[in-house]
Structures are given as structure tokens and as C-alpha cells.
Amino acid sequence: MAIVRKAVAQDFEKVYPLFVKFNNPRLSKDDWRQLFVNHWHTSEGYFGYVLEDGERIVGFLGLIFGRRILNEREEKFCNLTSWVVDEKFRSQSLFLLLPVLKLKDYTLTILTGSQETYAVARKLGFQDLESHVQIILPLPSVATWLTPCQIEINGKQLGDALAGEALQAYKDHLAFRCFHVHVRSPLGECYLMGTRVFRKDLAFAQIHHISDSKVFVKFAGRIAVAICLRIKTVAIATDQRFLGENTIPLSLAWPLPNCRVYKSSSLGKNDIDLLYSEYPVLNI
């Protein structure tokens, strides 16, 4: 019987053949290697769990750890990613997840799980986080153009315009292929971050964080125009919960392949975005 142990940086070369099973041509070996880097200098000291059979690693569950200040307190995050097991050892897959459930005071997220992963997670107490993304086309309304608004993308002075948690998130994600947008308007300011991704061979701007949903919704069409022209995408996509109770004209709700889930004793789903996760790390 294989054994489960913590994954360390030196395990990458033995784990990499398992990643090939995902058959994702957009992820190179160096991309996968990012799962074995402590990007945010957290203290856990490991990158998930491996299932080891003798000298071979036959299973892996990645863990991406992060720390954030939310609601005036430090919150610990753990994003579960890239759960893959050799077919001959599938019956032991759950052993990789069991030690994760023992983590105390962490918000656990599964953002891109399979149908099987979703079913297992729900049975183990995870709650639904998101089921749909909103596709926003670069088609602003006439009324939107009449309201003053400044949209700056990847501005050199953005670090000076942000403060607190927003500034920390900005700094923490500069090493990744993220775009950063700062919106100034009479309604207030809004900071959003995302990455350029492909869905069925079409390029989209996937939004990972929105600081002010009301400002974003008001100018969503103009923001979409600015982003799509700058990074060459057909539309922007954002999790529906980022919008609160607001609606965006000329946009489309699109179901995710499988619902995102989370488990937390301190945060609700509206407190959780896609930062400090596989989304910026793998650029997926």
C-alpha cells in the first residue's frame, strides 16, 4: 500500500509526469513548477501531499497557502489544486485529502475541481462558493459614457494609489501574469486584478478580484472595452458573487463546468475571491 506524506520542492521532478495526465497544452513544465514555490513566504513549509509507492510518486494534491487581512483580522487560506492519482492507485485518492481536513483555522477552497471532486467535497462539509461566471462584452451603454471615469491599466503609479489590503494584494501578485486596473469615478474608486486566459480557444480577461462592485458594475462596459483592447480579449469574465446584487446590461451568465466550493469557520462566500490561488499561479 502506498503512503501519504507532505510534498516538498524536491518532489517536483517525480510529480511532473502526473501533471501530463491533465493534457493541458497551455501549461509548460515551468508553469507546473510554480506549484512547488513558496510565492508568499508562508510558514507551512510544504506544497501539498504526495502518494508514494516505493520510489515512485503515484498521486499528488497541491496546496497553495496564503495570508490576508480581511475584516480587520488575519485569515489563513489554503487552495486545493491539481488533485491527480495514477489509475492503479485511484482507490487511495481520498488519503491525500484527509490530512487537509485536519488543518485548523484555514479557509479551504477548491476552485477548479472535477465532478467527482465536487461530490466528495460536498460530502466532507464543503459549501458551494460559485456556480456561474458573468461574461461582460465590451459594449458600454450611452449613459455610461456620459459619466466621468478614468480607467488605468498596469499604471506605473498604481502602487501609490492603493493602500491596505489592496496594496498588499497588488504587491503579492506582481510576479505573475496579472493585469491590474484602477478606476476613478464620482462614485468612488475600484481596483481589480485578473489574468488573460483561454476558454475554447477564445481569449478572455478572467477577473480574480474586485474591490468595489458598485463602481465596477456602473462602468463594466467601459472597463471591458479598456481591458479587451489592452490585452486583446473578446470579453471579461467574473464570478457572479463579485457583483453582489447588481446586474450588468448586455452581459451573460455562464455556468461553470463544476461549482467552486469552500470550507471556512470565519468567512462567508462573499469574502472569498480568486487571489492567492491556482488562478494567478498557473494562469488558468
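This text goes with the structure placed above it.
Below is a summary of the structure that appears in this document. (Residues numbered from 1 in each chain as written. Predicted model: local features only at pLDDT ≥ 70, side-chain atom pairs only at ≥ 80, totals over all residues. Heavy atoms only, no water.)

A closer look at the sheet that holds strand S4 (residues 73-85)
Strand pairing in a sheet takes place through backbone hydrogen bonds and is either antiparallel or parallel in direction. On the basis of which strands lie adjacent, the open sheet formed by 12 strands has the order S1-S2-S3-S4-S5-S12-S6-S11-S10-S9-S8-S7 and mixed pairing. What marks the edges here is a single partner per strand, and that holds for strand S1 (3-6) and strand S7 (150-153). Taking each pair of neighbouring strands and ignoring which way they run, the sheet shows an average axis angle of 30°. As paired elements, strand S2 (residues 48-53) and strand S3 (residues 56-70) share 6 bridges and run antiparallel to each other. The residue bridging Leu51 from the neighbouring strand is Gly59, located in S3. (Pairing = 2+ DSSP bridges. Helix = DSSP H or I, 4+ residues; strand = E, 2+ residues; numbered from the N terminus. Axes fitted to C-alpha atoms, helices over the stretch in contact; angles between N-to-C directions.)

Description of the pairing of strand S5 (residues 106-110)
Consecutive side chains of a regular strand alternate in pointing toward one face of the sheet and then the other. A large share of S5 lies buried, amounting to 5 of its 5 residues. Both S4 and S5 contribute to a ladder of 5 bridges, which runs parallel. Paired with Phe77 across the two strands is Thr107, which belongs to S5. (Buried < 20%, exposed > 50% of the residue type's maximum accessible area, 1.4 Å probe, protein only.)

Concerning empty space enclosed by the protein
By rolling a water-sized probe across the atoms, one finds the places where empty space is left. In the structure shown here, the tally under the stated rule is 2 cavities of 30 Å³ or more. Approximately 110 Å³ is the volume found for the largest cavity. Around the largest cavity, the lining comprises 14 residues; the ones closest to its centre are Val37, Asn38, Phe47, Ile64 and Phe65. Of the residues assigned to the lining of the largest cavity, the class counts are 8 nonpolar, 5 polar and 1 charged. Taken as a whole, the second largest cavity spans an internal volume of roughly 80 Å³. In terms of lining residues, the second largest cavity is bounded by Ile64, Arg68, Phe77, Cys78, Asn79, Thr109, Leu111, Ile272, Asp273, Leu275, Tyr276 and Ser277. (1 Å grid on protein atoms, 1.4 Å probe; cavity = no way out; pocket = protein on both sides within 12 Å on 5 of 7 lines; lining within 4 Å. Points joined across faces, edges and corners; volume = space filled by probe spheres on them. Nonpolar A, V, L, I, M, F, W, Y, C, P; charged D, E, K, R; others polar.)

Details of the side chain of Arg68
Checked against the element boundaries, Arg68 lands in strand S3. What makes Arg68 buried here is its relative accessible area of 5%. Reaching out from Arg68, the side chain makes a polar contact with the side chain of Glu165 at a distance of 3.0 Å. When near neighbours in sequence (up to four residues on either side) are disregarded, Arg68 contacts Arg73, Glu74, Glu75, Phe77, Glu165, His209, Asp273, Leu275 and Tyr276. (Polar contact = N/O pair within 3.5 Å; in protein donor to acceptor, adjacent residues only side chain to side chain. Contact = heavy atoms within 4.5 Å.)

Some thoughts on the nonpolar core
Membership of the largest hydrophobic core comes to 65 residues, with the highest contact counts inside it found for Leu35, Phe36, Phe60, Leu192, Phe216 and Ile227. Among the elements that take part in this core, helix H9 (residues 220-231) stands out by supplying 6 residues, more than any other. Once residues lying within four places of it in the same chain are set aside, the contact partners of Leu35 are Phe19, Phe47, Phe60, Ile64, Thr81, Ser82, Val281 and Leu282. Core analysis: the next-biggest nonpolar cluster, separate from the first, contains 21 residues, Ala2, Leu61, Phe65 and Cys78 among them. (Core = buried A, V, L, I, M, F, W, Y, C linked by side-chain atoms within 4.5 Å.)

Details of a nonpolar patch on the surface
Together, Met1, Val4, Leu94, Phe95 and Leu98 give the surface a local cluster of nonpolar side chains, amounting to about 450 Å² of exposed area. For Phe95, the position within the fold is in helix H3 (residues 94-97). Judged by its relative accessible area of 33%, Phe95 is partly exposed. (Patch = residues over 30% accessible without salt bridge, like charges linked within 9 Å, V, L, I, M, F, W, Y side chains within 5 Å. Areas by Shrake-Rupley, 256 points an atom, 1.4 Å probe, with all protein chains shown as cover. Salt bridge = Lys/Arg side-chain N within 4 Å of Asp/Glu carboxyl O.)

Section: the packing of aromatic side chains
One pass over the full model with this rule turns up 12 aromatic pairs. Between the aromatic rings of Phe22 and Trp32, the centroid separation amounts to 5.5 Å while the plane-to-plane angle is 20°, which identifies the pairing as stacked. Highlighted residues: Phe22 in the loop between helix H1 (12-19) and helix H2 (29-33) and Trp32 in helix H2, separated in sequence by 10 residues. The class of Phe22 is partly exposed, set by a relative accessible area of 35%. Relative accessible area serves as the criterion here: at 5%, Trp32 is assigned to the buried category. Aromatic side chains Phe36 and Phe60 sit 5.3 Å apart centroid to centroid with 25° between the ring planes, which places their arrangement in the stacked category. (Phe/Tyr/Trp six-rings, centres within 6.5 Å; stacked < 30°, edge-to-face > 60°.)

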